[in-house]
Amino acid sequence: MDRTQLIAELQNLSARLDELGAQARRLNEENRSLRLQQEQLANERSMLLAKNEQARTRVEAMIARLKSLEQHT
């Protein structure tokens, strides 16, 4: 391999390393974004479960009051 071919090969390798570095940065950013989205969805799910539990408790209380009223009439 002559010097010109060696330089061309090194330039190709350098360009490839630059591409791989850019791809790694994109993937790291995407990974960070997905982790944040996952955390937000987990928080939202937790809030929805709590609201669901509150609603269930209220409905059960209403049913108990209705049954109580029914027994007193």
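The following paragraphs examine the structure supplied in this document. Residues take numbers from 1 onward in each chain, read along the sequence in its written order. Selection of residues for local features in this predicted model requires a pLDDT of at least 70, selection of side-chain atom pairs for listing and counting requires 80 or more, and totals for whole chains, interfaces and linings are taken over all residues. The side-chain numbers reported here are obtained from all heavy atoms of the structure, hydrogens and water having been left aside.

### Focus: the overall build of the chain
Helix and strand assignments come from DSSP, with helices taken as H or I runs of at least 4 residues and strands as E runs of at least 2, each series counted from the N terminus. On a plain count of helices and strands, the chain comes out with one helix and zero strands. Here the C-alpha atoms of the chain give a radius of gyration of 31 Å, more than 25% beyond the 11 Å that 2.2 N^0.38 yields for 73 residues. Going through the 73 residues of the chain one by one, you find that 0% of them count as buried. Areas reported here follow the Shrake-Rupley algorithm with a probe of radius 1.4 Å; residue values treat only the protein chains shown as occluding. Accessible surface, the chain: about 7100 Å² in total, of which carbon and sulfur atoms supply 55%. Looking at the chain, you have 12 positive and 11 negative side-chain charges, and the mean spots of the two groups are 8 Å apart. Atoms considered for the radius of gyration are the C-alpha atoms alone. The globule rule reads 2.2 Å times the number of residues to the power 0.38. Note on exposure labels: buried denotes an accessible area under 20% of the residue type's maximum, exposed denotes more than 50%, and partly exposed covers the range between, all computed with a 1.4 Å probe on protein chains only. Positive: Lys, Arg. Negative: Asp, Glu. His and the chain ends are not part of the count. Taken as the charge location is NZ of Lys, CZ of Arg, CG of Asp or CD of Glu.

### Thoughts on a nonpolar patch on the surface
A patch consists of residues whose relative accessible area exceeds 30% and which take part in no salt bridge; residues with like charges are grouped when within 9 Å of each other, and nonpolar side chains (Val, Leu, Ile, Met, Phe, Trp, Tyr) when within 5 Å. The rule for a salt bridge is simple: a side-chain nitrogen of Lys or Arg has to be within 4 Å of a carboxyl oxygen of Asp or Glu. A cluster of nonpolar side chains, Met1, Leu6, Leu10 and Leu13, forms an exposed patch at the surface whose accessible area comes to about 450 Å². Along the chain, the position of Leu10 falls in helix α1 (residues 3-72).

### Comments concerning the pattern of salt bridges
Inspection of the entire model under this criterion finds four salt bridges. As a salt-bridge pair, Arg32 and Glu29 come within 2.8 Å of each other at their nearest N and O atoms. Here the residue Arg32 and the residue Glu29 both occupy positions in helix α1, the gap between them amounting to three residues, near one helical turn. Owing to a relative accessible area of 42%, Glu29 belongs among the partly exposed residues under this scheme. A single network of salt bridges, built from pairs that share partners, joins Glu53, Arg56 and Glu60.

### Topic: the environment of Arg45
Its location among the elements puts Arg45 in helix α1. Of the residues examined, Arg45 reaches a relative accessible area of 56% and is grouped as exposed. Put simply, Arg45 and Asp18 are 27 residues apart on the chain and 40 Å apart in space, counted from C-alpha to C-alpha.

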